[in-house]
Amino acid sequence: MIHKMTVKQPYFGLIQQGKKTIECRLYDSKRQQINIGDTIEFSNADDKCSKTVIGLFRANNFHTLFSKINVNDAGFEAIEDAEKALEEFYDLESQNKIGVVGIVLS
């Protein structure tokens, strides 16, 4: 199955270059459809790249997720930076209500 996701810079460039191998998202109904072996087409403006899902990490919130994965693989220098950046998209209440997922890409 092919899924489509929009990603802002600099994260899109890091995914495209293979430097960001984990995409972190809220585990909403769209992300619940993703399975290992699926393809995700990432886009940013006119650029696109496709990656294969090779793993999934679930957690109640991003703080817990970063105890399971390497924050550098998600494109961040430190856990605090990652949590701050992701909370701009997903507030803590939503994280704890729905859960989050780290999508491992090849």
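Residues numbered from 1 in each chain as written. Predicted model: local features only at pLDDT ≥ 70, side-chain atom pairs only at ≥ 80, totals over all residues. Heavy atoms only, no water.

1. Structural notes on the pattern of salt bridges
Here's step 1: Taken as a whole and assessed by the stated rule, the structure comprises 5 salt bridges.
Here's step 2: The residue Glu41 makes a salt bridge to Lys4 at a minimum N-O spacing of 3.4 Å. Taken together, the positions of Glu41 in strand S3 (residues 39–44) and Lys4 in strand S1 (residues 2–6) put the pair 37 residues apart, joining distant regions of the chain.
Here's step 3: Across the salt bridge formed by Asp28 and Arg31, the nearest N and O atoms sit 3.1 Å from each other.
Here's step 4: On the basis of relative accessible area, Arg31 is assigned to the buried category, the value being 8%.
Here's step 5: Here the salt bridges share partners, and the residues they tie into one network are Lys4, Glu41 and Lys48. (Salt bridge = Lys/Arg side-chain N within 4 Å of Asp/Glu carboxyl O. Helix = DSSP H or I, 4+ residues; strand = E, 2+ residues; numbered from the N terminus. Buried < 20%, exposed > 50% of the residue type's maximum accessible area, 1.4 Å probe, protein only.)

2. A short note on the sheet that holds S1
Here's step 1: On the basis of which strands lie adjacent, the open sheet formed by 5 strands has the order S1-S3-S4-S5-S2 and mixed pairing. If you trace the sheet from one side to the other, it starts and ends with S1 and strand S2 (22–26), each paired once. Strand-to-strand twist across the sheet, computed as the mean angle between neighbouring axes with direction ignored, equals 40°.
Here's step 2: With 5 bridges joining them, S2 and strand S5 (residues 100–105) adopt antiparallel strand pairing. Bridge pairing in S5 links Cys24 to Gly102. (Pairing = 2+ DSSP bridges. Axes fitted to C-alpha atoms, helices over the stretch in contact; angles between N-to-C directions.)

3. Focus on helix H3 (residues 79–87)
Here's step 1: What H3 keeps buried is the set Ala82, Glu83, Ala85 and Leu86. Down the axis of H3, the smallest arc covering the buried residues is 165°, so these residues share one side. Across H3 from its buried face, at more than 90 degrees, point the exposed residues Glu80 and Lys84.
Here's step 2: Of the surrounding secondary structure, the elements contacted by the buried residues of H3 are helix H1 (11–17), S2 and helix H2 (62–65). (Arc of directions from axis to C-beta. Contact = heavy atoms within 4.5 Å.)

4. Some thoughts on the nonpolar core
When a protein is soluble and globular, its nonpolar side chains tend to lie buried together.
Here's step 1: Cys24, Phe62, Leu65, Phe66 and Phe76 are the most contacted members of the largest nonpolar core, which has 17 residues in total.
Here's step 2: Elements with a contribution of two residues or more to this core: S2, H2, H3 and S5.
Here's step 3: With residues near it in sequence (within four places) discarded, Phe76 still touches Tyr11, Val71, Asp81, Ala82, Ala85 and Leu86.
Here's step 4: If you look at the next biggest cluster of nonpolar residues, it comprises 13 residues, including Met5, Tyr27, Ile40 and Val53. (Core = buried A, V, L, I, M, F, W, Y, C linked by side-chain atoms within 4.5 Å.)

5. Describing the packing of aromatic side chains
Here's step 1: A complete count under the given rule lists 4 aromatic pairs for this structure.
Here's step 2: The interplanar angle of 50° and the centroid separation of 6.2 Å between the aromatic rings of Phe89 and Tyr90 together place this pair among those described as tilted.
Here's step 3: Taking the relative accessible area as the measure of exposure, Phe89 reaches 46% and is therefore partly exposed.
Here's step 4: Among the aromatic residues, those joined into a ring-pair cluster are Phe62, Phe66, Phe89 and Tyr90. (Phe/Tyr/Trp six-rings, centres within 6.5 Å; stacked < 30°, edge-to-face > 60°.)

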